[in-house]
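Results of the structural survey
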Amino acid sequence: MGVKADKYTFATMLSLCSLELLNYGRHVHSVVIKSGILGWTSVVNSLITLYFKCGCVVDACDVFEEAEEGGKCDYVTYNAMIDGFANEERSEDAFLMFRDMQKGCYGPTEVTFVSVMSSCSCLRAGCQAQAQAIKMGLVGCVAVNNAMMTMYSGFGEVYEVRDIFERMEERDVVSWNIMVSTLLQENLEEEAIFSYLKMRREGFEPDEFTYGSLLVATDSLQVVEMIHSLLCKGGLVKIEVLNVLVSAYCRHGKIKCAYHIFSGVPYKNLISWNSIISGFLMNGHPLQGLEQFSALLRAQIKPNAYSLSLVLSICSSMSAMSHGKQVHCYILRHGFSSEVSLGNALVTMYAKCGSLDWALRVFDAMVERDTISWNAIISAYAQHGQGKEAVSCFEAMQTTSGIKPDQATFTSVLSACSHAGLVDDGARIFYTMVKVYGILPSVDHFSCLVDLLGRSGYLDEAETVIKDGYLGAHSNMCWSMFSACAAHGNLKLGRTVARLLLERDNDNPSVYVLLSNICAAAGQWEEAANLRDMMKEFGTTKQPGCSWIRT
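Residue numbering note: each chain is counted from 1, following its sequence as written. With pLDDT at 70 or above as the cut-off, local features in this predicted model cover only qualifying residues; side-chain atom pairs require 80 or more to be listed or tallied, and sums for whole chains, interfaces and linings still use all residues. The side-chain quantities take in all heavy atoms of the structure and omit both hydrogens and water.

**Examining the overall build of the protein chain**
From N to C terminus, the protein chain includes 32 helices and zero strands. For the protein chain, buried positions account for 45% of its 551 residues. Residues are treated as being in contact if the distance between any of their heavy atoms lies within 4.5 Å. A separation threshold of at least 6 residues defines the contact pool for the protein chain, and within that pool the share at least 24 residues apart is 59%. Helical segments are the DSSP runs of H or I of at least four residues, strand segments are the runs of E of at least two, and each set is numbered from the N terminus. When accessible area is computed with a 1.4 Å probe and restricted to protein chains, residues below 20% of their type maximum are described as buried, those above 50% as exposed, and intermediate ones as partly exposed.

This is how it looks when you write it as structure tokens:
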């Protein structure tokens, strides 16, 4: 058409490019160089923004350095670099650029401080940035104050956040959202609700972020229902809020309400499906969760790693190995094999479904492993009664670079030792946990130790652990001790432990049944009969046990 492109044309075209159009953006870059328009600052700024947006940090830095050498930078250029580094979580580079900006006599703007505040990796740097913003007279800027509040909120400094908020002469919805979310993350729910109500009284209309924060953090079903009614009344039906509302109802055990809301969402996204699948699993309805996963696939929405880990957890809970194998095939076909979380979930699924061999195959095939991976395979050995192999695996874990045992590791390996009667190994591992790794033993660890000693007949030592432990006679440890008394026919100690358990749970029929069995084994038939009569008198019945595995 005979019309020549100018700097505005190129700047506009570059601003429209995204990661999918990166190659086209590079083509425009080459045309800019040939056209000699790279000397225009607006084009430089657009190029820097494009490369940061596409994650090409090196390219962005190259453009900046070339422009800096040619004297083609302005404050927008520095802001683009600072914001780019901040989004890439390269806080040190962002602060160095902030310093260079001031050395180059470019005064920081409101946008500069918003980017700098968001990149603060330490509280001291944030305080310095705040002091400079105050010195430059920017404390009246709502965006800068919001950035300050967000920065302090990230470090858990709720009093600083409240102080800035209360000093603000002008606020917007973002200011209120930051205040509400900060209070919620510090478990100050009542204050957060009060701030929300004050926000409404001052004429600010809550948005999806306000309601989302309240729904995610609240422990009150009443608050969830209140927000639900407000959403219905106000017509705020954005999918982000509805997804959080589904999760909130699931968390409070109201799966029917959650499913009703989910069913009414017109255009469901992956988060919607993940929320309801997780809700069914959480509320003890794994089969319905599996059905929803099938519906997700029929809707031609591609599941992510989290979706697949949920359905593997469902297969684990149902011992449905055939379904688990189908999910395993899906993972292999669709390129999810490198996901560590899915490898961990597969190991757990196969172990719980009774296939230690397949659990080991998956573990051995994993290119990358984390602490959870090792915990899963140690737990698999423990579940299948292979204590020596679990201990060997634990020792191999200790020699693996970058891997450190945690509390769950020691619970699994101590449980394995307990079921295999490895007293010496168990005692050594318990010592290692406390002395080498400095982990304070929990109830689970002490219960495993008591169970280990009790199963092997060291009842006096097990009793000493309970008496001398700082946790006292916890019911979990008492049950381990009680089972040991039954296994070794120690009636005297069994009576003592039974008394402790009945003080905590007077209606638990298992205590009467087990003590009655101990009495019968010791030939105390009259006492055993009396205990059975007491069960009938209290109207307590023991549920029969059951076990099943789907293949």
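Moving on, there is more to tell.
**A short note on the packing of aromatic side chains**
Whether two aromatic rings pair depends on their centres lying within 6.5 Å, for rings of Phe, Tyr and Trp, where Trp uses its six-membered ring; planes under 30 degrees apart make the pair stacked, over 60 edge-to-face, and the rest tilted. Under the counting rule described, the total for this entry stands at twelve aromatic pairs. With 5.8 Å between their ring centres and 55° between their planes, Tyr259 and Phe280 make a pair best called tilted. Here Phe280 lies in helix α17 (residues 270–282) and Tyr259 lies in helix α16 (residues 255–264), a separation of 21 residues in the sequence. On the accessibility criterion, Tyr259 (35% relative accessible area) is partly exposed.

**What to know about the side chain of Thr210**
With respect to the element layout, Thr210 can be found in helix α13 (residues 208–217). Beyond its immediate sequence surroundings of up to four residues, Thr210 is in contact with Val173, Asn177, Tyr196 and Met199.

**Brief notes about the side chain of Ser355**
Note that Ser355 resides in the loop between α21 (340–352) and α22 (356–365). Residue Ser355 is classed as buried on the basis of its relative accessible area of 10%. Apart from residues lying up to four places away in sequence, Ser355 is in contact with Met321, Tyr350 and His384.

**Comments concerning helix α10 (residues 158–167)**
Burial in α10 covers these residues: Val158, Val161, Arg162, Ile164 and Phe165. With its buried residues spanning 165° around the axis, α10 presents them on a single face. Residues of α10 that are exposed and angled more than 90 degrees away from the buried face: Tyr159, Glu166 and Arg167. If you follow the buried residues of α10, they end up packed against α8 (123–135), α9 (142–154), α11 (173–185) and α12 (189–201). Within this analysis, the arc is defined by the directions that extend from the helix axis to the C-beta atoms.

**With respect to unusual backbone geometry**
The phi torsion at Asn187 lies on the positive side, around 60°, for a residue other than glycine. Here Asn187 is to be found in the loop between α11 and α12. Phi at Ser319 is positive, roughly 55°, even though this residue is not glycine. For Ser319, the location among the structural elements is in the loop between α19 (305–318) and α20 (321–333).

**Describing the pattern of salt bridges**
Here a salt bridge means any side-chain nitrogen of Lys or Arg lying within 4 Å of a carboxyl oxygen belonging to Asp or Glu. Applying the stated criterion across every chain, the model contains eight salt bridges. Salt-bridge contacts for Lys238 lead to Glu208; the nearest nitrogen and oxygen are separated by 3.3 Å. Residue Lys238 is located in the loop between α14 (221–234) and α15 (239–251), and its partner Glu208 is located in helix α13; the two are separated by 30 residues in the primary sequence. By relative accessible area, which is 18% here, Glu208 ends up buried. One network of salt bridges, with partners in common, ties together Glu395, Asp425 and Arg428.

**Quick word on the packing of α20 against α21**
All axes here are fitted lines through C-alpha atoms, helices being fitted over the stretch that makes contact, and every angle between N-to-C directions spans 0 to 180 degrees. At a minimum axis distance of 11 Å, the contact between α20 and α21 shows a crossing angle of 160°. By the angle class used here, α20 and α21 are roughly antiparallel. Handedness of the crossing formed by α20 with α21: left-handed. Taken together, the residues of α21 that come into contact with α20 (itself represented by Met321, Gly324, Lys325, His328 and Ile331) are Leu342, Leu346, Met349 and Tyr350. Angles are sorted into four bins: roughly parallel if under 35 degrees, roughly antiparallel if over 145, roughly perpendicular if 65 to 115, and oblique for all others. Here a crossing is taken to be left-handed if its near helix is turned anticlockwise relative to the far helix by less than a right angle, and right-handed if that turn runs clockwise.

**Details of the layout of surface pockets**
By volume, the largest pocket is sized at about 270 Å³. Forming the boundary of the largest pocket are 17 residues, of which Leu332, Ser337, Val362, Ala365 and Met366 lie nearest the centre. Those elements giving two or more residues to the lining of the largest pocket turn out to be α20, α21 and α22. Ranked by the residues each element gives to the lining of the largest pocket, the list is headed by α21, at four residues. Three classes are used: nonpolar for Ala, Val, Leu, Ile, Met, Phe, Trp, Tyr, Cys and Pro, charged for Asp, Glu, Lys and Arg, and polar for all others, with Gly counted as polar. Tallied by class, the residues present in the lining of the largest pocket amount to ten nonpolar, four polar and three charged. A cavity here means a set of 1 Å grid points, computed over protein atoms only, where a 1.4 Å probe fits but cannot escape. A pocket is an open set with protein on both sides within 12 Å along at least 5 of 7 lines, and lining residues have an atom within 4 Å of a point. Grid points are joined across faces, edges and corners, and a volume is the space filled by probe spheres set on the points.

**Here's the deal with the environment of Ser322**
If you trace the backbone, Ser322 turns up in helix α20. With a relative accessible area of 30%, Ser322 lands in the partly exposed category. C-alpha separation for the pair Ser322 and Cys353, spaced 31 residues apart in sequence, amounts to 9.5 Å.

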